[in-house]
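# Working through the structure, step by step
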Amino acid sequence: MKKICIIVPAYNEEASLPEMYRQLCGLREEQKNYEWTFLFVDDGSSDGTSRVLADLRAADGCVTYVRLSRNFGKENAMLAGFDYADADAVVVMDCDLQHPVSVIPEMLREYEAGYEDVYARRRDRGHEPPVRRFLTKIYYRLLQRSTRMDVLPDAGDFRLLDRRCVRALCQLRERQRYTKGLYCWIGFRKKEIFFDPADRLSGRSSFGMAGLLNLAIDGITSFTTAPLRISTVVGGLVSVAAFLYLCFIVGKTLVVGEPVQGFPTLITVILFLGGIQLLSIGIIGEYIARIFNETKGRPVYIVDKVNGKDV
Ligand code: UDP
Ligand code: MG
């Protein structure tokens, strides 16, 4: 019998956990020809999440949970899940019931048909502000162009992964993780299926605009050095333009002389160049920051307890 492990990162999900568990049990009843485990990763929650998990564990041996020593963020919590899962295939999903359990049987069908990475794509993006929708579109267009990888805007962390995909992901120990890109990077045969996202059952999304911006910058800087190349090219173009302008000014001064004038030109050029320089330094800084963070070689997460026991 094939083993399937459902990995659920949970951060302050006390309210949604019981319903989540109930739905997973429904799935288990329906799909009796698999051996199920439900692996919850408690990402340093400050509410009663770990108590609820302990209760679930006490009542049902299929439930396991790993508690991290503090809040490490969803990306890192998922890696913890991958590390602790021991199954033929895993399904990663959110705890807030935005990822409907009812899609999993279809994922399993595709898995049985030989696909190693079956990801669910949102059919529509729900009620998002148009500005956000527009920015998302541009961002992914840029990311795809510069990385030549198909990172999809509306496919995320709701997917079924074969054992080999999980093993591959576990090998990638980078700290500022952009898992969405990593799924593409590892390759394997992928299959998309569609689902309608539900609204969050309770609580609030932990990703605000600032969080998304950070994730976006991480996404770019962890997958492509294109911004560095762009600043090189822009720097080159600006230098050429500056040289031509210099020739023009010198020539003009020699021919018609130069009464001191031209303050507006001067200040515009200085400010423009200053802006480009600061931007380029910022871009370099982003990459240096990544190097700094990676060279420290810290573990991606620290485990506090597994199934309520100290490790
Ligand atoms: N999550 C987590 N650690 C965090 C933030 C979120 O493990 O620091 C979990 C959260 O419990 C949920 C999933 O990640 O299961 C998705 O979070 P959320 O619903 O806040 O994100 P969104 O649906 O807006 O992408
Ligand atoms: Mg959510």
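Residues numbered from 1 in each chain as written. Chains lettered and ligands numbered in written order. Predicted model: local features only at pLDDT ≥ 70, side-chain atom pairs only at ≥ 80, totals over all residues. Heavy atoms only, no water.

### So, the environment of Arg-163
Looking at the element boundaries, Arg-163 is found in helix α6 (residues 163-171). With relative accessibility at 37%, the residue Arg-163 sits in the partly exposed group. Distance from Arg-163 to Ala-87, taken between C-alpha atoms, is 6.8 Å for residues 76 residues apart in sequence. Residues contacting Arg-163, with those up to four places away along its chain left out, are Asp-86, Ala-87, Asp-88 and Ala-89. (Helix = DSSP H or I, 4+ residues; strand = E, 2+ residues; numbered from the N terminus. Buried < 20%, exposed > 50% of the residue type's maximum accessible area, 1.4 Å probe, protein only. Contact = heavy atoms within 4.5 Å.)

### Topic: the pairing of strand β3 (residues 63-68)
Summarising burial for β3: 5 of the 6 residues are buried, a large majority. Across 5 bridges, strand β2 (residues 34-42) lies against β3 in parallel orientation. In the sheet register, Phe-40 faces β3, and the bridge partner there is Tyr-65. Once you follow β2 into helix α2 (residues 49-59) and on to β3, the crossover reads as right-handed. Across 3 bridges, β3 lies against strand β8 (residues 303-306) in antiparallel orientation. If you follow Arg-67 over to β8, its bridge partner there is Lys-305. (Pairing = 2+ DSSP bridges. Right-handed = clockwise from strand over helix to strand, strands pointing away.)

### Thoughts on helix α1 (residues 17-30)
Since there are 3.6 residues in each turn of an α-helix, residues three or four apart along the chain are aligned in direction. Compared with the 20 Å implied by 1.5 Å per residue over 14 residues, the 20 Å span of α1 between its first and last C-alpha is a close match. In this structure, the buried residues of α1 make contact with β1 (2-10), β2, α2, β3 and α4 (104-112). (Expected span 1.5 Å × (residues − 1).)

### Overview of the coordination of the magnesium ion (ligand 2)
Distances from the magnesium ion (ligand 2) to its protein donors, namely Asp-96 (OD) and Gln-98 (OE1), fall within the range 1.9 Å. Using a relative accessible area of 4% as the deciding quantity, one classes Asp-96 as buried. Residue classification places Gln-98 among the partly exposed residues on the basis of a relative accessible area of 26%. (Donors = N, O, S within 2.8 Å, 3.2 Å for Na, K, Ca; no water.)

### Some words on the sheet that holds β3
Taken together, the 9 strands give an open sheet; going across it, the order is β7-β5-β6-β4-β1-β2-β3-β8-β9, and neighbouring strands pair in mixed fashion. Of all strands in the sheet, those with a lone pairing partner are β7 (190-195) and β9 (309-310), marking the two edges. Direction of pairing for strand β5 (residues 117-122) relative to β7: parallel, over a ladder of 6 bridges. From the neighbouring strand, Ala-120 faces β7, where its bridge partner is Ile-193. Taken strand by strand, α4 contacts β1, β2, β4 (89-92), β5, β6 (155-162) and β7, and its axis lies near 50° from that of β6. (Axes fitted to C-alpha atoms, helices over the stretch in contact; angles between N-to-C directions.)

### Looking at the packing of aromatic side chains
Inspection of the entire model under this criterion finds 6 aromatic pairs. Centroid distance Tyr-139 to Tyr-140: 5.1 Å. Interplanar angle 80°. Geometry classified as edge-to-face. Summarising the burial analysis for this pair, Tyr-139 and Tyr-140 share the class buried. Lying across the ring of Phe-72, Arg-70 places its NZ or CZ 4.0 Å from the centre. Taking the ring centre of Tyr-183 as reference, the NZ or CZ of Arg-159 above it sits at 3.9 Å. (Phe/Tyr/Trp six-rings, centres within 6.5 Å; stacked < 30°, edge-to-face > 60°. Lys NZ or Arg CZ within 6 Å of the ring centre and 35° of its normal.)

### Points about a nonpolar patch on the surface
On the surface, a cluster of nonpolar side chains totalling about 860 Å² of accessible area is made up of Val-240, Phe-243, Leu-244, Leu-246, Val-250, Leu-254, Val-255 and Val-256. Within the secondary structure, Phe-243 sits in helix α9 (residues 226-256). (Patch = residues over 30% accessible without salt bridge, like charges linked within 9 Å, V, L, I, M, F, W, Y side chains within 5 Å. Areas by Shrake-Rupley, 256 points an atom, 1.4 Å probe, with all protein chains shown as cover. Salt bridge = Lys/Arg side-chain N within 4 Å of Asp/Glu carboxyl O.)

### Section: the side chain of Asp-94
Here Asp-94 lies in the loop between β4 and α4. A relative accessible area of 15% means that Asp-94 is categorised as buried. Polar contacts involving the side chain of Asp-94 include one to the side chain of Lys-74, which spans 2.9 Å. Residues contacting Asp-94, with those up to four places away along its chain left out, are Val-8, Met-20, Lys-74 and His-99. (Polar contact = N/O pair within 3.5 Å; in protein donor to acceptor, adjacent residues only side chain to side chain.)

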